[in-house]
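Fold and geometry: a report
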Amino acid sequence: MTGVQRAAVVLLSLGEAQAAEVLKHMGAKEVQKLGMAMASVGGVSRTTVGAVFDEFVETLAQPSALGAGADEYIRAVLTQALGEERAGSLIDRILAGRNTSGLDTLKWMEPRAISELVRNEHPQIIAIVMAHLDEDQAAEVLKCLTARVRAEVLLRLATLDGIPPNALNELNDVMARQFAGSQNIKSSSIGGVRVAANILNFMDSGQDETILENIGQIDEALSVQIRELMFVFDNLVDLDDRTIQTVLREISPDKLALALRGADQKVRAKITTNMSQRAAEILIEDMEARGPVRLAEVEAAQKEILAEVRKMADSGTIQLSAKTEAFV
């Protein structure tokens, strides 16, 4: 069982009140993943449940910092995992017990519902909203908007490096009244070229290029800047061997075999040359043995791998160097 499935078994074994208390301390994505796992986990034997709890109890029995400077420990761990800016609101929610702000409430909504909410707003307002969403969620929202609006929103988001706190608080208050929550925005530093590039990384193949072409008609230099910060699956060939080997340790063989079905030959060679001969042979055999698969499944596998690569880069485990960087 995966870690999420084991967590789902533990929560399902608790009472409703206890499980609800646990979920209160998790973010939107974690709750969604656990919810899906809880809904799909079925027919688990008593032996399996016992094994899961044995592992759970064993983990709890190991020495930890629980009870000794817990606030500082939580703050340090979350900041290291998510970065200071992204961890800020989550730390506040856990340690200070603050309510989710109006804008943060959007993270709990379905992308199509968010798109309906902002569809008639000014592109600048939509850009601010996008900047507060996770990149993959923002990409799904953009897919629901028209092509013209997509390009204009990304253009404004890429050039958005700040907004007056009073204006941001006013927007937040509007959202807060709509969702029956309120909280002051802590920081007004949002948006930027890197955020725009990250969102485009989650767009479907072809849509990202169309948006960049539309932006290029307005601001060619900005379009080039966004493109240089984007990291697509074929860019794996530009990584050094040590980085590729680090990435491969975190990717399941099944997902890798599916993703490579639609990859350039250079990418395949880059991957297989950084595996043991036997592992490379098994990977190739797996790819050849698979029947026809939908392009959407291949692209989904590639996006999952890219998400893991970006996560590792954000944590400092690996480095993704832009082609324009020079080292001496």
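Preceding this section is the structure that the text describes.
All of the points below concern the structure found in this document. Residue numbers restart at each chain and count upward from 1, following the sequence in its written direction. Totals for whole chains, interfaces and linings use all residues, but because this is a predicted model, local features are given only for residues with pLDDT of at least 70 and pairs of side-chain atoms are given and counted only at 80 or more. For the side-chain quantities, the full set of heavy atoms in the structure was used; hydrogens and water were omitted.

1. Details of the nonpolar core
We call a set of buried residues a nonpolar core when its members are Ala, Val, Leu, Ile, Met, Phe, Trp, Tyr or Cys and they connect through side-chain atoms within 4.5 Å of each other. A 1.4 Å probe rolled over the protein chains alone gives each residue an accessible area, and that area as a share of the maximum for its type sets the label: buried under 20%, exposed over 50%, partly exposed in between. If you look at the biggest cluster of nonpolar residues, it comprises 35 residues, and the most contacted ones within it are Met130, Leu142, Leu157, Leu200 and Ile226. Where helices and strands are cited, they refer to DSSP runs of H or I of at least four residues and of E of at least two residues respectively, numbered from the N terminus. For this core, the secondary structure elements donating two or more residues are α8 (111–118), α9 (123–132), α10 (135–143), α11 (147–158), α13 (193–201), α14 (207–218) and α15 (220–229). Filtering out sequence-adjacent residues up to four positions away, Leu200 remains in contact with Leu154, Asp208, Ile211, Leu212, Ile226 and Met230. Core analysis: the second largest hydrophobic core is formed by 25 residues, Phe231, Met287, Val298 and Val309 among them. In this analysis, two residues are considered to be in contact whenever any of their non-hydrogen atoms come within 4.5 Å of each other.

2. As for the packing of α11 against α13
Every angle, taken between N-to-C directions, lies between 0 and 180 degrees, and every axis is a line fitted to C-alpha atoms, over only the stretch in contact when it is a helix. Their axes nearest at 7 Å, the elements α11 and α13 cross at an angle of 145°. When α11 is examined against α13, the residues Leu154, Leu157 and Ala158 are found in contact with a partner set consisting of Val193, Val195, Ala196, Ile199 and Leu200.

3. Focus on the pattern of salt bridges
Here a salt bridge means any side-chain nitrogen of Lys or Arg lying within 4 Å of a carboxyl oxygen belonging to Asp or Glu. One pass over the structure, following the stated rule, counts 8 salt bridges. Salt-bridge contacts for Lys270 lead to Asp241; the nearest nitrogen and oxygen are separated by 3.1 Å. In this pair, Lys270 is assigned in helix α18 (residues 265–272) and Asp241 in helix α16 (residues 241–248), connecting sequence segments 29 residues apart. Taking the relative accessible area as the measure of exposure, Lys270 reaches 16% and is therefore buried. A salt bridge links Glu297 to Arg294; the nearest nitrogen and oxygen atoms lie 3.1 Å apart. We classify Glu297 as partly exposed; its relative accessible area is 32%. Taken together, the shared-partner salt bridges in this structure form one network comprising Arg148, Glu152 and Arg156.

4. Structural notes on α8
Pro111, Ile114, Ser115 and Val118 are the residues of α8 that are buried. The buried residues of α8 occupy an angular sector of 100° when the element is viewed end-on, so they sit on one face. Tucked into the core, α8 has its buried residues touching α9 and α10. As used here, the arc is the angular range of directions from the helix axis to the C-beta atoms.

5. Things to note about helix α3 (residues 28–40)
Owing to its 3.6 residues per turn, the α-helix aligns residues three or four sequence positions apart on the same side. Between the first and last C-alpha of α3 there are 18 Å, a value that for 13 residues agrees with the 18 Å anticipated at 1.5 Å per step. Within α3, the full set of buried residues consists of Ala28, Leu34 and Ala37. Tucked into the core, α3 has its buried residues touching α1 (3–13) and α2 (16–24). Given a helix with a known number of residues, its expected span is that number minus one, times 1.5 Å.

6. Thoughts on the packing of α8 against α10
Across the interface, α8 lies against α10 with an axial gap of 8 Å and an inter-helix angle of 60°. Judged by the angle between their axes, α8 and α10 are oblique. Of the two elements, α8 crosses α10, and the hand of that crossing is right-handed. Of the residues in α10, those in contact with Pro111, Ile114 and Ser115 of α8 are Gln137, Glu140 and Val141. Residues are grouped as follows: Ala, Val, Leu, Ile, Met, Phe, Trp, Tyr, Cys and Pro are nonpolar; Asp, Glu, Lys and Arg are charged; all remaining types, including Gly, are polar. Of the residues belonging to the contact of α8 with α10, the class tally is 3 nonpolar, 2 polar and 1 charged. To sort the angles, those under 35 degrees are grouped as roughly parallel, those over 145 as roughly antiparallel, those from 65 to 115 as roughly perpendicular, and the leftovers as oblique. Note on convention: the crossing is left-handed when the near helix lies turned anticlockwise from the far helix by less than a right angle, right-handed when the turn is clockwise.

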